[in-house]
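# Working through the structure, step by step
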Amino acid sequence: MAASMSKFKLSCYPVPNIVFNMRNAAMKLFVVTFLLFLTSQCHGDDGLELDEFLKREYSLSKPYQGVGSFSSSHWDLMGTAMVTPEHVRLTPDLQSRVGAVWSRIPFFIRDWELHVHFKIHGQGKKNLNGDGMALWLTKERMQNGPVFGNMNLFTGLGVFVDTYPNEDKSHERVFPYISVMVGNGTLSYDHDRDGRPTELGGCTALVRNVNHDTLLLIRYMKNRLTVMMDVDGKREWRECLDVPGVHMPLGYYFGASSVTGDLSDNHDVISMKLYQLTVQRSSQEEEEDREEVTLPSVDYMAPPQVEVAEEGMGPVGRFFAFLIAVMGLCVLAVVGVVLYGRWKERSRKRFY
Ligand SMILES: [Ca+2]
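Residues numbered from 1 in each chain as written. Predicted model: local features only at pLDDT ≥ 70, side-chain atom pairs only at ≥ 80, totals over all residues. Heavy atoms only, no water.

## A look at the coordination of the calcium ion
Ideal donor angles around a metal are set by the shape: a four-donor tetrahedron calls for 109.5 degrees, a six-donor octahedron for 90 or 180 degrees. Protein coordination at the calcium ion: the donors are Asp162 (OD), Asp162 (OD), Tyr164 (O), Asn166 (OD1) and Asp194 (OD), at 2.3 to 2.5 Å from the metal. Counting gaps between the donor residues of the calcium ion yields the pattern D-x1-Y-x1-N-x27-D. (Donors = N, O, S within 2.8 Å, 3.2 Å for Na, K, Ca; no water.)

## Digging into the nonpolar core
Counting residues in hydrophobic clusters, the biggest one holds 49 residues, and the most contacted among them are Leu60, Trp112, Leu135, Leu157, Ile178, Leu216 and Met272. Here this core gets five residues from one element, more than from any other, and that element is strand β6 (residues 112-121). Residues in contact with leucine 135, not counting those within four places in the same chain, are Val116, Leu157, Gly158, Val159, Leu216, Ile218, Gly255, Ala256 and Met272. Met78, Trp136, Met151 and Tyr253 belong to the second largest nonpolar core, which has 13 residues in total. (Core = buried A, V, L, I, M, F, W, Y, C linked by side-chain atoms within 4.5 Å. Buried < 20%, exposed > 50% of the residue type's maximum accessible area, 1.4 Å probe, protein only. Helix = DSSP H or I, 4+ residues; strand = E, 2+ residues; numbered from the N terminus. Contact = heavy atoms within 4.5 Å.)

## Thoughts on the environment of methionine 78
With respect to the secondary-structure elements, methionine 78 resides in strand β2 (residues 75-79). Assessed through its relative accessible area of 13%, methionine 78 is described here as buried. Each C-alpha atom, one on methionine 78 and one on glycine 68, is 8.3 Å from the other, the two residues being ten residues apart in sequence. Setting aside its immediate chain neighbours within four residues, methionine 78 contacts Val98, Gly99, Ala100, Trp102, Met142, Gln143 and Asn144.

## Observations concerning the sheet that holds strand β9 (residues 177-184)
Ordered in space as β2-β5-β15-β7-β8-β9-β10, the seven strands form an open sheet in which the pairing is antiparallel. Whereas interior strands pair on both sides, the edge strands pair on one side only; in this sheet they are β2 and β10 (201-204). Strand-to-strand, the axes of this sheet are offset by a mean angle of 15 degrees, without reference to chain direction. As paired strands, strand β5 (residues 98-103) and strand β15 (residues 253-259) are joined by five bridges and run antiparallel to one another. Looking at the pairing, valine 98 lines up with valine 259 of β15. (Pairing = 2+ DSSP bridges. Axes fitted to C-alpha atoms, helices over the stretch in contact; angles between N-to-C directions.)

## Considerations on the UniProt feature "transmembrane region" (unreviewed entry) in the chain
Here the UniProt feature "transmembrane region" (unreviewed entry) sits at residues 319-340. Taken end to end, residues 319-340 is 100% helix and 0% strand, and its two terminal C-alpha atoms sit 31 Å from one another. (UniProt positions renumbered as here; feature names shortened; annotations may be inferred.)

## Details of unusual backbone geometry
The amide bond that connects glycine 130 to the next residue, aspartate 131, takes the cis arrangement and shows omega of -5 degrees. Residue position: aspartate 131 is located in the loop between β6 and β7 (132-138). Along the chain, phenylalanine 175 connects to proline 176 via a cis peptide bond; the corresponding omega equals 0 degrees. Mapped onto the fold, proline 176 is located in the loop between β8 (155-162) and β9. A positive phi angle is found at methionine 142, which is not glycine, with a value near 55 degrees. With respect to the helices and strands, methionine 142 occurs in the loop between β7 and β8. Owing to a relative accessible area of 28%, methionine 142 belongs among the partly exposed residues under this scheme.

## What to know about the side chain of histidine 267
Note on placement: histidine 267 falls in strand β16 (residues 266-278). Owing to a relative accessible area of 0%, histidine 267 belongs among the buried residues under this scheme. One polar contact links the side chain of histidine 267 to the main-chain amide nitrogen of glycine 132, over a distance of 3.3 Å. (Polar contact = N/O pair within 3.5 Å; in protein donor to acceptor, adjacent residues only side chain to side chain.)

## So, the pattern of salt bridges
Tallied over the full model, the rule gives 15 salt bridges. With its nearest N and O atoms 2.7 Å apart, the salt bridge here joins arginine 208 to aspartate 265. Pair noted here: arginine 208 is in the loop between β10 and β11 (214-221) and aspartate 265 is in the loop between β15 and β16, with a separation of 57 residues, a long-range link. (Salt bridge = Lys/Arg side-chain N within 4 Å of Asp/Glu carboxyl O.)

## Quick look at the environment of methionine 228
Following the sequence through the fold, methionine 228 ends up in strand β12 (residues 224-230). Residues methionine 228 and isoleucine 218 lie ten residues apart in sequence; the distance between their C-alpha atoms is 6.6 Å.

## Focus on the packing of aromatic side chains
Here a ring pair, both rings aromatic, is described through the centre-centre distance and the interplanar angle of the planes. Under the definition given, this model contains 13 aromatic pairs. For the ring pair tryptophan 112 and tyrosine 220, a centre distance of 6.0 Å and an interplane angle of 40 degrees mean the geometry is tilted. Highlighted residues: tryptophan 112 in strand β6 and tyrosine 220 in strand β11, separated in sequence by 108 residues. The exposure classification of tryptophan 112 matches that of tyrosine 220, with both residues buried. Judged by centre distance (5.4 Å) and plane angle (85 degrees), the rings of tryptophan 112 and phenylalanine 254 are edge-to-face. Of this pair, tryptophan 112 sits in strand β6 while phenylalanine 254 sits in strand β15, and the two are 142 residues apart along the sequence. Accessibility expressed as a relative area gives 3% for tryptophan 112, which makes it buried. Taken together, the ring pairs in this structure connect Tyr58, Phe107, Trp112, Tyr220 and Phe254 into an aromatic cluster. Geometry around tyrosine 253 places arginine 141 over its ring, the cationic atom sitting 5.4 Å from the centre. (Phe/Tyr/Trp six-rings, centres within 6.5 Å; stacked < 30°, edge-to-face > 60°. Lys NZ or Arg CZ within 6 Å of the ring centre and 35° of its normal.)

What follows is the structure, given as structure tokens:
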């Protein structure tokens with residue numbers, strides 16, 4: 001158990017599984033309380049009390065019992081994906097393979113953290129390997145398509161570990177590169193541009209052909225999406241992306257997919273562990289959260305001209321203001337003319 005003093009708040013390794021396997025409830029409570037006390041330094045500085053609990057029905061871990069079978073598993077396999085004692089291999093290091101693993105159970109937890117232990121490795125030299133893998137929380141599941149083996153125009157969250165620079169031949173961006181996208185069913189992932197037009201952000205993550213463990217953390221808490229990585233072999237989370245104002249509906253599915261083309265790699269998922277986060281909310285936050293989200297969205301991705309139009313006066317507003325001013329002047333002119341006429345008449349009467 002690492003009460004690891006990572007420099008990022010809220011970042012610790014979870015309570016180990018063995019604690020959850022304890023028979024004695026009082027003992028379990030004591031150990032969990034003690035561990036939470038230890039880890040409180042990692043997530044205490046914003047005043048939130050954070051509990052972490054592994055949800056087995058949304059987690060994928062050794063020995064992958066029943067994964068892909070019809071009867072006992074919570075997970076489906078697709079394409080070339082296969083289970084070995086060590087990992088779920090999405091694709092082997094061979095050309096033109098597509099594989100995926102998808103949760104069968106719709107996901108209804110509001111605040112959560114997904115820890116993904118994965119391994120990407122192969123014979124190809126740097127940048128002669130591909131294409132990478134993706135992690136999903138989407139409305140759709142078990143689809144085939146061009147986005148790391150999954151469908152385009154997806155609805156939900158996609159986190160991509162892109163190992164091949166399609167656009168970037170000038171090395172402006174160092175690959176492998178993690179990028180994140182929230183799709184609403186109409187946004188298209190541009191594969192030729194490595195998803196740049198729709199990405200929320202990302203970072204370089206040198207995850208390929210390394211000897212140590214490589215892990216990703218995706219956290220969704222109070223509508224804030226955070227992606228961290230532990231890829232340097234230091235057992236420490238480093239921040240990759242942190243975006244507030246992300247709205248995700250409930251009832252979606254977790255998945256992982258991968259694709260190879262002319263270039264290839266082994267893309268292995270070792271584990272996906274889902275932790276429910278217990279977060280305190282103010283009554284105002286509760287109120288805001290009660291509004292049902294039907295489509296994924298991100299606040300700051302709204303077109304900026306809409307915000308300007310709401311705050312100031314848009315072109316239509318300016319036109320109406322001008323019209324009203326002109327009409328006002330006309331009225332004043334008419335009143336002026338009438339008054340002048342009367343005054344003239346009165347002065348004429350005085351003379352006669
Ligand atoms: Ca790419």
